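Residues per chain, in single letters:
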Amino acid sequence: MMNAQGRPTAPVAANADAPAGITGNRALMLEEPLLFEKGSPDRCGVDLPPVPAVASRLGGLDRHRPIGLAGLAEGEVVRHFTRLSRQNYAIDMGIFPLGSCTMKHNPRLNEKMARLPGFGDIHPLQPQDTVQGALELIHRLADWLCKLTNMPAVSMSPKAGAHGELCGMLAIRAAQEAKGDARSVVLVPESAHGTNPATAAFCGYRVEDIPANAAGRVDLAALKARLGPDVAAVMITNPNTCGLFEPDMIDICAAVHAAGAFVYCDGANFNAIVGKVRPGDLGIDAMHINLHKTFSTPHGGGGPGSGPVVFSAALAPFAPLPFVEHQHGRFELIEEEQAHASAAHDHSFGRMVAFHGQMGMYVRALAYIMSHGADGLRQVAEDAVLNANYILARCKDVMSAPFGDSGPCMHEALFSDDFLEGTGVSTLDFAKAMIDEGFHPMTMYFPLVVHGAMLIEPTETESRANLDQLIEVLRGLALAAKAGDSARFAAAPYHAPRARLDETLAARKPVLSWREPAPAAAAE
Amino acid sequence: MRYLPLTPDDRRDMLRVIGASDIDALFRDVPEAARLPGPIAGLPHHMPEMLVERELGALAAKNVPAGAGPFFVGCGAYKHHVPASVDHLIQRGEFLTSYTPYQPEIAQGTLQYLFEFQTQVARLLAMEVANASMYDGSTAMTEALFMGRRVTRRKKYLLSGGTHPHYVSVAETLTRFTDDEVVSFEPALTPGAPGDDLAALIEAIDGETAAVVVQNPNLFGHVADLSELAAAAHAKGALLIAVVTEVVSLGAIRAPGEMGADIVVGEGQSIGNGLNFGGPYLGLFATREKYMRQMPGRLCGETVDANGKRGFVLTLSTREQHIRREKATSNICTNSGLCALAFTIHMSLLGEKGLRHLAELNHARAVQVAERLAAIPGVSLMNDHFFNEFTVMLPISGRPALRAMAEMGVLGGVSLGRLYPARADLDHGMVIAVTETVSDDDIDKLDKALRELVK
């Protein structure tokens, strides 16, 4: 049956080469209809107590029309979502080398801790005396983030890395306006993370690019030449998205400060240097820390994450509400501007979110930090960097590593598609062929600094055997492409739950929710 | 170190393959002045699992969980029963430990549930299209303001007095450095219908207004018909943005989409997700199809694969940071995927019938509690119409009353003094939330505690 867009309204057999069986499935390849195609409005998977008889006080606003929700019995729900889960690749199944995304092992202890009723089942507006342990936990994590970065203040509430970035840039803007120094331009190097220009624009700044030099770093001379009284801030990602450390960072920060501007550092890649380098020692004014990347929270198909922001002394007074203070043997949540003006944050620019940020992620981050300790976090950064350099060293003879000769990489190895030139195989084809080999592909076409980029981040939780297996696949595919075996790449993947999906169709004729198919009779 | 698989021999061999003398050779781009010689002071040494568990368990034990006794705290976060199968299913590794579905061929599990989620949310809010979730209700509301600006090319927003004050603060913060104008109405403590003055709001709409924002049920628990407000906004070329912080209410009361709203945002925590002290939560965002391309956030769309099979992909992402990044509609680059999954699973368990039953149960329980409390001498019920939350005025200040109730083992509500510190006239007000988890015994204990305090 077809829908209005002329697309099939029900799944077809997993193995299209063979005739579909009664179930439409082949062995363990399970197809699963949408729950709206299985469920019905009068089926229910929960048993609720009866409703006491009272006179309604809804004011005549009762919802009469059908909502259109489908229900299933509990066992059917379990089966539906279990079948769906099997169409996903995940870090629990194998290496997930997405550069800049940091897919590392997710310890289950952290999950268990976050679900303790004392953390998972407390309300953000309970009396503060009933949540002293939670406030103590936030205070301790905040203190440790300050120690790890050598920065005097931290705002815990931002809900994701990009949200933290916004928080940091708002603090910069507030600090400059407080000085009566309105500046209009933010400089963003080409090697910065993807969200940076959008964030700066969102704060009302005009964005200008600073080019990368031949070694994939910020062009220091170009940056210095552009600094002036109109520049509010420079947003730098360090280690940058080429996977490289900015060796001139101290000089960059000094030059930016001399020009009366601030340095925002995108801390998305902090896991490469945690315990080895403190951003405060480099001269950075604000940096968000993706707790989910550096200190591990499962990515859950896209989120949630958490993006606390550390601030220099110059920006600390402008940090957003709320924050936790320890005074007179008690932890206090400062959430009001007027009533409790705190000396440490007396120019707070306001509130970023309704409540206090991502408690669930704080618990996981603290559990991760405690499990590793100061000694282990250092080892985390070292192993992440070692693993990336090992991949770079073992692949650069058959793949193209544009910055491979300009020194070691940090926690991710960047390749370009130069080695595929003339083979008819693109970065996309190469990545899709990795799926047939049982691997999740690397980050593709990002960063934009090199052509056909492939950015590989192994993280510290991969063993040498796992890396060797990935390396063999990368080398094998590179050699196959060069040998002219283009058929292997042309329509890959061949063995995934789906062949290549038509993204153009999805964008040109967007279908974002399920509609009942037209009755067959009407279609004739 | 139990999470790190490399052995000292591995590290030595790998350094040899790389051609580095030691690990610090790999950090040679770090300026000498910024290199730390050893572990950072002030953090513990690494700890075995058993000790981490003991220490965090001790911290958790210092808190009073909602499940420990009578609990009536709401105002934007609600204690509902979440069926055991929800948390079990979201902990399947293939969901829990997967990433943003950038490779759709091997992420159909995530993509299909996002498509199901979008369908459920659009229907629940009575809108045509929904996105794949945002950080939380407050940030979703602010994104709705910016979308209102894109649609109407105007920049003034009217925020009703019944909007959650924290949501209002977020909107004020995020528009602070734009030339947008946020007009926040003060809540009016009108007996019968506390919170909003819809007539004043209608009066204020003019040709500069991009959008009117109204929460329903509002912070004070009052439910209102938004149809007139929608008509007034439309007559002046403005949009109506409706905010729902208690989505279970939509199983009982008419959805904002049925009352003419153009954008509906919400906090989805109530379905499938725990309280978590404020996060992670789940922002819902839905609108009319004609505004689809102005909608922020991540979207999952249906398509076909090369063999003609139905499949799902992330779509319309050019509005995000992929190209012309400084022109992006927002800087968001994620969604609350796992919270959306919990929502989808819980909603599939409930179905239409279960959601309606749950909503009726919440309402009936709340009516019972409201009537009990209204009978206490000196306590007055402010609401005529409400869903599962209502406001009472006490003869005493709310904040100390709540602390005293907590001492008696009852977490009694949210004091308006905490939410509106500058409004002395609200100091005696308390918002009380009642869900299906409240038992008869809980009601008795709340009643007793309150009588004790006000006598």
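Residues numbered from 1 in each chain as written. Chains lettered and ligands numbered in written order. Predicted model: local features only at pLDDT ≥ 70, side-chain atom pairs only at ≥ 80, totals over all residues. Heavy atoms only, no water.

An unreviewed UniProt entry annotates chain B as Probable glycine dehydrogenase (decarboxylating) subunit 1 originating from Sandaracinobacteroides saxicola. You can read under Catalytic activity (unreviewed entry) in the UniProt record for chain B the words "N(6)-[(R)-lipoyl]-L-lysyl-[glycine-cleavage complex H protein] + glycine + H(+) = N(6)-[(R)-S(8)-aminomethyldihydrolipoyl]-L-lysyl-[glycine-cleavage complex H protein] + CO2". UniProt lists a comment for chain B under the heading Function (unreviewed entry), and it reads "The glycine cleavage system catalyzes the degradation of glycine. The P protein binds the alpha-amino group of glycine through its pyridoxal phosphate cofactor; CO(2) is released and the remaining methylamine moiety is then transferred to the lipoamide cofactor of the H protein." (UniProt positions renumbered as here; feature names shortened; annotations may be inferred.)

Chain A has the name glycine dehydrogenase (aminomethyl-transferring) in an unreviewed UniProt entry, where Sandaracinobacteroides saxicola is given as its organism. As its UniProt record puts it under Catalytic activity (unreviewed entry), chain A is described as follows: "N(6)-[(R)-lipoyl]-L-lysyl-[glycine-cleavage complex H protein] + glycine + H(+) = N(6)-[(R)-S(8)-aminomethyldihydrolipoyl]-L-lysyl-[glycine-cleavage complex H protein] + CO2".

(A) Inspection of the overall build of chain B at higher detail. The helix and strand tally for chain B stands at 13 helices and 13 strands. For chain B, whose C-alpha radius of gyration is 25 Å, the value lies close to the compact-globule estimate of 23 Å for 455 residues. In terms of overall dimensions, chain B has a C-alpha envelope of 80 × 50 × 50 Å along the principal axes. Here chain B, with 455 residues, has 67% of them falling under the buried criterion. Relative to all contacts within chain B whose residues are 6 or more apart in sequence, the contacts with residues 24 or more apart total 72%. Of the roughly 14,200 Å² of accessible surface on chain B, a fraction of 51% belongs to carbon and sulfur atoms. For chain B, the separation between the mean place of its 42 positive charges and that of its 53 negative charges on side chains is 3 Å. (Helix = DSSP H or I, 4+ residues; strand = E, 2+ residues; numbered from the N terminus. Rg over C-alpha atoms; globule rule 2.2 N^0.38 Å. Buried < 20%, exposed > 50% of the residue type's maximum accessible area, 1.4 Å probe, protein only. Contact = heavy atoms within 4.5 Å. Areas by Shrake-Rupley, 256 points an atom, 1.4 Å probe, with all protein chains shown as cover. Lys, Arg positive; Asp, Glu negative; His and termini not counted. Charge placed at Lys NZ, Arg CZ, Asp CG, Glu CD.)

(B) Summary view of the overall build of chain A. Counting its secondary structure elements, chain A contains 17 helices and twelve strands. Here the C-alpha atoms of chain A give a radius of gyration of 26 Å, agreeing with the 24 Å that 2.2 N^0.38 yields for 524 residues. Evaluated residue by residue, chain A yields a buried proportion of 66% over its 524 residues. The long-range fraction of contacts in chain A, counting pairs at least 24 apart against all pairs at least 6 apart in sequence, stands at 70%. Counting every atom, chain A has about 16,800 Å² of accessible surface; 53% of that belongs to carbon and sulfur. Seen as two clouds, the 43 positive and the 57 negative side-chain charges of chain A have centres 4 Å apart.

(C) Highlighting the sheet that holds strand β12 (residues 454–456) of chain A. Strand order in the open sheet formed by three strands is β10-β12-β11 (chain A), with antiparallel pairing between adjacent strands. The strands lining the two open edges of the sheet, one partner per strand, are β10 (413–415) and β11 (443–444) of chain A. (Pairing = 2+ DSSP bridges.)

(D) Inspection of the interface of chain B and chain A at higher detail. The interface of chain B with chain A comprises 203 residues on the first partner and 224 residues on the second. When chain B packs against chain A, close to 18,300 Å² is buried across both sides, 63% of that on carbon and sulfur atoms. When residues of chain B are sorted by the area they lose upon contact with chain A, F177(B), F277(B) and R310(B) head the list and together hold 6% of the total. Scanning the region where chain B abuts chain A turns up 17 salt bridges. Summed over the shared surface of chain B and chain A, the number is 99 residue pairs in polar contact (both at pLDDT 80 or more). No other element matches helix α10 (residues 337–374) of chain B, which puts 25 residues into the side of chain B that touches chain A. Of the residues in the side of chain B that touches chain A, the class split is 101 nonpolar, 58 polar and 44 charged. (Buried area = accessible area lost by both parts, 1.4 Å probe. Salt bridge = Lys/Arg side-chain N within 4 Å of Asp/Glu carboxyl O. Polar contact = N/O pair within 3.5 Å; in protein donor to acceptor, adjacent residues only side chain to side chain. Nonpolar A, V, L, I, M, F, W, Y, C, P; charged D, E, K, R; others polar.)

(E) How the structure looks around the environment of L416(B). Residue and element names in this part refer to chain B. Mapped onto the elements of the fold, L416 is located in helix α12 (residues 416–419). Through-space distance from the C-alpha of L416 to that of A41 is 43 Å; in sequence the pair is 375 residues apart. Excluding its chain neighbours within four sequence positions, the residues that come into contact with L416 are L219, F220, T391, L426, G429, M430 and V431.

(F) The arrangement of the domain arrangement of chain A in detail. Residues and elements named next belong to chain A. With domains assigned, chain A is organised as domain 1 (109–366) and domain 2 (374–508). Taken over C-alpha atoms, the centre of domain 1 sits 30 Å from the centre of domain 2. Together domain 1 and domain 2 conceal approximately 1,700 Å² of surface at their shared face, both sides included; 63% is due to carbon and sulfur atoms. The interface formed by domain 1 and domain 2 includes one salt bridge. Taking the shortest distance from any N to any O, the salt bridge between K276 and E382 comes out at 2.7 Å. Across the domain 1-domain 2 interface, the total number found is five residue pairs in polar contact (both at pLDDT 80 or more). When the residues that make up the side of domain 1 that touches domain 2 are grouped by side-chain class, the tally is 13 nonpolar, ten polar and three charged. (Domains from an automatic or database assignment.)

(G) Quick peek at the UniProt feature "domain: Aminotransferase class V" (unreviewed entry) in chain A. Residues given the UniProt feature "domain: Aminotransferase class V" (unreviewed entry) here are residues 178–300 of chain A. Each end of residues 178–300 of chain A is marked by a C-alpha atom, and these two atoms are 40 Å apart; helix forms 27% of the span and strand 20%.

(H) Spotlight on the pairing of strand β11 (residues 389–393) of chain B. Residue and element names in this part refer to chain B. In terms of burial, β11 is largely enclosed, as five of its five residues are buried. Judged by which residues are buried, β11 turns out to be covered on both faces: E389, T391 and M393 on one side and F390 and V392 on the other are all buried. For strand β10 (residues 380–381) and β11, the ladder comprises two bridges, and the chain directions are antiparallel. Across the sheet, the residue bridging to L381 is V392, located in β11. Where β11 meets strand β13 (residues 429–433), five bridges bridge the pair, whose relative direction is antiparallel. By the bridge assignment for β13, M393 is matched with G429.

(I) Here's a closer look at the domain arrangement of chain B. Residue and element names in this part refer to chain B. Looking at the assigned domains, one finds that chain B contains domain 1 (84–346) and domain 2 (352–454). Each of domain 1 and domain 2 has a C-alpha centre, and these two points are 28 Å apart. For the pair domain 1 and domain 2, the summed buried area comes to about 1,900 Å², and 67% of that belongs to carbon and sulfur atoms. Counting across the interface, domain 1 meets domain 2 through one salt bridge. Ionic pairing is found between R423 and E186, a salt bridge with its closest N-O pair at 2.8 Å. Inspection of the domain 1/domain 2 interface yields nine residue pairs in polar contact (both at pLDDT 80 or more). Residues of the side of domain 1 that touches domain 2, tallied by class, amount to 14 nonpolar, ten polar and two charged.

(J) Highlighting the sheet that holds β11(B). Residue and element names in this part refer to chain B. Read across the open sheet, the four strands follow the order β10-β11-β13-β12; overall the sheet is antiparallel. Pairing within the sheet leaves two strands with one partner each, and these edge strands are β10 and β12 (414–415). Sheet strands in contact with α10 are β10, β11 and β13, and its direction is about 5° off that of β11. (Axes fitted to C-alpha atoms, helices over the stretch in contact; angles between N-to-C directions.)

(K) Local environment of helix α9 (residues 227–235) of chain B. Residues and elements named next belong to chain B. When α9 is considered as a whole, its buried residues turn out to be L229, A230, A232 and A233. Seen along its axis, α9 keeps its buried residues to an arc of 165°; they face one direction. Exposed and oriented more than 90 degrees from the buried face of α9 are E228 and A235. Looking at the buried positions of α9, the neighbouring elements they touch are α8 (198–204), β4 (209–215) and β5 (239–244). Phi turns positive, to about 80°, at G237, one or two residues after α9. (Arc of directions from axis to C-beta.)

(L) How the structure looks around the nonpolar core. Core analysis: the biggest nonpolar cluster contains 133 residues, and F295(A), M399(A), F415(A), F430(A) and L56(B) have the highest contact counts within it. Sort the elements by how many residues they give to this core and helix α12 (residues 359–395) of chain A lands first, with 20 residues. Two domains each put at least three residues into this core: domain 1 (109–366) and domain 2 (374–508) of chain A. In this structure, L170(A), A171(A), M134(B) and F285(B) belong to the second largest nonpolar core, which totals 86 residues. (Core = buried A, V, L, I, M, F, W, Y, C linked by side-chain atoms within 4.5 Å.)

(M) Summary view of the packing of aromatic side chains. Applying the stated criterion across every chain, the model contains 13 aromatic pairs over all chains. Their ring planes at 15° and their centres at 5.7 Å tell us that F36(A) and W514(A) sit as a pair that is stacked. Taken together, the positions of F36(A) in helix α1 (residues 35–38) and W514(A) in the loop between α16 (503–508) and α17 (520–523) put the pair 478 residues apart, joining distant regions of the chain. When the ring of F430(A) is compared with that of F489(A), the centres are 6.4 Å apart and the planes differ by 10°; the resulting orientation is stacked. Taken as a pair, F430(A) in helix α13 (residues 427–436) and F489(A) in helix α15 (residues 487–490) lie far apart in primary sequence, 59 residues in all. Per residue, the accessibility class of F430(A) equals that of F489(A), and both read buried. One aromatic cluster is present, built from ring pairs that chain together F419(A), F430(A) and F489(A). Across the ring face of F27(B), the terminal group of K276(A) is positioned such that the distance to the ring centre comes to 4.7 Å. (Phe/Tyr/Trp six-rings, centres within 6.5 Å; stacked < 30°, edge-to-face > 60°. Lys NZ or Arg CZ within 6 Å of the ring centre and 35° of its normal.)

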